[in-house]
Amino acid sequence: MRAIQIAELSGPDAALRWVELPEPEAVHPLAPDGEEAVVVDVHAAGVSFPEVLQTRGQYQFRPPLPFVPGSEVGGVVRSAPAGSGLAPGDRVAAFTALGAFAETAVAPAFFTFKLPDALDFEQGAGLVLNYHTAYFALRTRGRLAEGEWVLVHGAAGGVGTAALQVARGLGARTIAVVSTDAKARVAQEAGADHVVRSDGAWKDEAKELSGGGVDLVLDPVGGDRFTDSIRALREGGRVVVVGFTGGGIPEVRVNRLLLGNTEVIGAGWGAYAMPKPAYVREVGAALDLLIERDCVRPLVGARFGFEQAAEALNCIDTRSATGKVVLEVRS
Ligand SMILES: NC(=O)c1ccc[n+]([C@@H]2O[C@H](COP(=O)([O-])OP(=O)(O)OC[C@H]3O[C@@H](n4cnc5c(N)ncnc54)[C@H](OP(=O)(O)O)[C@@H]3O)[C@@H](O)[C@H]2O)c1
């Protein structure tokens, strides 16, 4: 099969190699008790921030070189274990952790979800990582309740657009923070109730729009805006830390939390979900309901051919990506 490897840690332009590899076997390190895994013919592979970091050796998970990156796919089942509810020919969205930038990939059965008819393969390649993270950050960690106000940073990005849709599906009202007019349109398309600009008075605007402060801030960006995120909360409000695309890891002066009766909460989806198959299935079922209700529709912002993987990574690296970036493996 054709595959793309990260062969050196020199950034998106030079790190990738296009190679021929043997077809993978039906085994996956995350499959419990050595259970048979699902083999998927890949139609589309999701491209995300961690792959950009992996080309520089800057991601927390550093496999030995060379390795095939890519954590999620939309594709068709080639083989599946008995009792998994999956059969050859099923259209699926699957989380592979690694190995998605290839014509054939392998995922644990619990991380493989039938793809509803409403979604195409590219949308399937944008479903697991971002939407499970959004649900985990908002609901499991952030304890989001119906009627609450949610402010989403990086709202036109992959996690951001997913968070806007999931929050709305859970009955919350949303304020999107974005850096450009083009990204404002993407956040609106993702269903944001209000959009504010990160280079404007977003904290004051958010307080005014929400009638005094938001209940939850979802932050995949970090950096300088963190203190204002805490200031934007109402009493009992929570900032959920999801990532640091802005570069800087913020520090919190905890007296602010005491004064406002607020919280800062960490949300690391992978470490939490990977050892919990039952939790992953439960979130998959909750998301299926949101798909049925037309709340969840992954926004595919840019599609690249298999040969253009470096451009796909650069699109994320230069902050120009919107929604989900995908590689069309079988176009
Ligand atoms: N905690 C978890 O479990 C988990 C799971 C998945 C992903 N993540 C992390 O979440 C973060 C977001 O991922 P994503 O897939 O949503 O990324 P993305 O699609 O590239 O979106 C990130 C957003 O961050 C903003 N940003 C601000 N400064 C930036 C900079 N210097 N470079 C690039 N973007 C910048 C951009 O919005 P504006 O231009 O509008 O500011 C951009 O739209 C990443 O750090 C990723 O590793 C965490």
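Before reading on, note that the structure itself is shown above.
Rules and cut-offs
Residues numbered from 1 in each chain as written. Predicted model: local features only at pLDDT ≥ 70, side-chain atom pairs only at ≥ 80, totals over all residues. Heavy atoms only, no water. Salt bridge = Lys/Arg side-chain N within 4 Å of Asp/Glu carboxyl O. Helix = DSSP H or I, 4+ residues; strand = E, 2+ residues; numbered from the N terminus. Buried < 20%, exposed > 50% of the residue type's maximum accessible area, 1.4 Å probe, protein only. Near = heavy atom within 4 Å. Polar contact = N/O pair within 3.5 Å; in protein donor to acceptor, adjacent residues only side chain to side chain. Areas by Shrake-Rupley, 256 points an atom, 1.4 Å probe, with all protein chains shown as cover. Nonpolar A, V, L, I, M, F, W, Y, C, P; charged D, E, K, R; others polar. Pairing = 2+ DSSP bridges. Axes fitted to C-alpha atoms, helices over the stretch in contact; angles between N-to-C directions. Parallel < 35°, antiparallel > 145°, perpendicular 65-115°, else oblique. Contact = heavy atoms within 4.5 Å. Core = buried A, V, L, I, M, F, W, Y, C linked by side-chain atoms within 4.5 Å. Arc of directions from axis to C-beta.

1. Points about the pattern of salt bridges
Side-chain pairs of opposite charge can arise whenever the charged atoms involved come near each other. A full pass over the atoms with the stated rule returns 19 salt bridges. A salt bridge links Arg 330 to Asp 41; the nearest nitrogen and oxygen atoms lie 3.8 Å apart. Placement of Arg 330 in the segment after β15 (324-328) and of Asp 41 in strand β3 (residues 38-47) is noted, with a sequence separation of 289 residues between them. We classify Arg 330 as partly exposed; its relative accessible area is 30%.

2. Observations concerning the site of the ligand
Taken together, 24 residues are adjacent to the ligand, and Val 159, Ser 179, Lys 183, Ala 267 and Trp 269 come closest. In this structure, Lys 183 approaches the ligand through a side-chain N or O atom, which is 2.7 Å from an oxygen atom. Within the complex, 88% of the 910 Å² of free accessible area of the ligand lies under protein. Mapped onto the shell around the ligand, the elements with two or more residues apiece are α1 (49-54), α3 (128-141) and α4 (158-169). When its residues are assigned to classes, the shell around the ligand shows 12 nonpolar, nine polar and three charged.

3. Describing the pairing of strand β6 (residues 104-107)
Residue alternation in β6 divides its side chains into two sets, Thr 104 and Val 106 and Ala 105 and Ala 107, and both sets are buried. Here β3 runs beside β6; their pairing, made up of four bridges, is antiparallel. Looking at the pairing, Val 40 lines up with Ala 105 of β6.

4. Regarding unusual backbone geometry
In the segment running from Leu 65 into Pro 66, the intervening peptide bond is cis, with an omega of -15°. Tracing the chain through its elements places Pro 66 in the loop between α1 and β4 (72-79). Phi at Asp 33 is positive, roughly 55°, even though this residue is not glycine. Position of Asp 33 relative to the elements: it lies in the loop between β2 (16-20) and β3. A residue is classified by how much of its surface remains accessible, and Asp 33, at 83% relative accessible area, is exposed. The residue Ala 97 is not glycine, and still its phi comes out positive at about 70°.

5. Observations concerning the packing of α3 against helix α10 (residues 277-292)
The description of two helices packed together rests on the angle between their axes and the distance between the axes. In the contact formed by α3 and α10, the axes pass within 10 Å of each other and the chain directions differ by 95°. On the basis of their axis angle, the class for α3 and α10 is roughly perpendicular. Contacts between α3 and α10 involve Tyr 131, His 132, Tyr 135, Phe 136 and Thr 140 from the first element and Tyr 279, Val 280, Val 283, Gly 284, Ala 286 and Leu 287 from the second. Here the contact of α3 with α10 is composed, by residue class, of eight nonpolar, three polar and no charged.

6. Focus: the nonpolar core
Counting 55 residues, the largest nonpolar core has Leu 138 and Val 166 as its most contacted members. Ranked by the residues each element gives to this core, the list is headed by α3, at eight residues. Those residues in contact with Val 166 that sit more than four places away from it in its chain are Tyr 131, Ala 134, Tyr 135, Leu 138, Leu 287, Leu 290 and Val 296. Ala 15, Val 52, Ile 316 and Ala 321 belong to the second-largest nonpolar core, a separate cluster that totals 39 residues.

7. Examining helix α5 (residues 181-189)
Those residues of α5 that sit buried are Lys 183, Ala 184, Val 186 and Ala 187. The buried residues of α5 occupy an angular sector of 160° when the element is viewed end-on, so they sit on one face. Seen from the buried face of α5, the exposed residues on the opposite side, beyond 90 degrees, are Asp 181, Arg 185 and Glu 189. Close packing links the buried residues of α5 with α4, β9 (173-178) and β10 (194-197). Just downstream of α5 lies Gly 191, where phi reads positive at about 100°.

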